[in-house]
Amino acid sequence: YSDEIIQETKNNKISYVSTFSKAINLGIHLVDLTYVVIYDNNQASLIYFDKIEKLTRELDLQNNKTIPVLTKCKKFITNKDSLFYTLLTLQNEMDRKLFEAQKEEISLIIISGFYIEGLYMLTNHYEKLIKNKSFTSFYSNNLNNIIFQQKLYLESLLDLLKMYPDEDVQKLNNSLLKLQKQFEALNIRYEFSDKEQRLKNVTFDNEKLIEIKKFVSSFRSSIVNDTY
């Protein structure tokens, strides 16, 4: 756990104005809430819950189905298993409401927030392990696989984003295209085990990954501080 990773979002007092900023920061805050709950940071959990409740209200995502789920989220704020299930339910209900309102692009922006924050945390953790010289073969085997998965997830996300002509969505798409180019520069190499049906021995240029970390950190900071 690193409190430093979440300082920027936890202490942020900005009231987001645009629908885009509210949606993408909602996605970021949902990941942050999951992170602090995993590490039993109850004080931070309540801070993020309040931010999430505010953003869902401002995005008109609260109705007779989502409000009870939000109430359960607050009730289960110290219960990992129950909270994670409830957050998944909340996401499904928000997606349903946005689909019925023909606002699927907002759901996609929220998912983009998930992706950006998850990659931000992953690459920061990766860099810290390298700097501390604690990047063991266990971490290499697991984290390298996850990095490769992030590259694949990004490709799918880009395929969805390009379907929406909205100016903010296309701006996001262009930023993520830059990230995709950085993933290509990793020169990822891997083997596939037919017997185990899984990837193995995933390797890439670690220095290039640090460049991705810097890009994502800067990109994420501009979103959180509403300067994007």
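The preceding data block contains the structure.
Residues numbered from 1 in each chain as written. Predicted model: local features only at pLDDT ≥ 70, side-chain atom pairs only at ≥ 80, totals over all residues. Heavy atoms only, no water.

Engineer: Looking at this structure, I do not really get the packing of aromatic side chains. What am I missing?
Structural biologist: This structure, assessed with the given rule, holds six aromatic pairs. With 6.0 Å between their ring centres and 35° between their planes, Tyr 126 and Phe 204 make a pair best called tilted. With a gap of 78 residues between them, Tyr 126 in helix H6 (residues 104-131) and Phe 204 in the loop between strand E2 (198-203) and helix H9 (206-224) connect regions that are remote in the sequence. Here the two residues Tyr 126 and Phe 204 agree in accessibility, since each one is buried. Considering the side-chain rings of Phe 215 and Phe 219, the 6.0 Å spacing of their centres and the 40° angle between planes classify their relative orientation as tilted. With Phe 215 and Phe 219 both in helix H9 and four residues apart, the pair spans about one turn of that helix. For Phe 215, a relative accessible area of 22% corresponds to the partly exposed category. Overall, the relative accessible area of 7% leaves Phe 219 in the buried class. (Phe/Tyr/Trp six-rings, centres within 6.5 Å; stacked < 30°, edge-to-face > 60°. Helix = DSSP H or I, 4+ residues; strand = E, 2+ residues; numbered from the N terminus. Buried < 20%, exposed > 50% of the residue type's maximum accessible area, 1.4 Å probe, protein only.)

Engineer: I tried to follow H6 on my own but got confused; where do I start?
Structural biologist: Owing to its 3.6 residues per turn, the α-helix aligns residues three or four sequence positions apart on the same side. Compared with an ideal rise of 1.5 Å per residue, which puts 28 residues at 40 Å, H6 spans 41 Å between its outermost C-alpha atoms and is within 8% of the ideal. Following H6 by one or two positions, Lys 133 adopts a phi angle in the positive range, close to 55°. (Expected span 1.5 Å × (residues − 1).)

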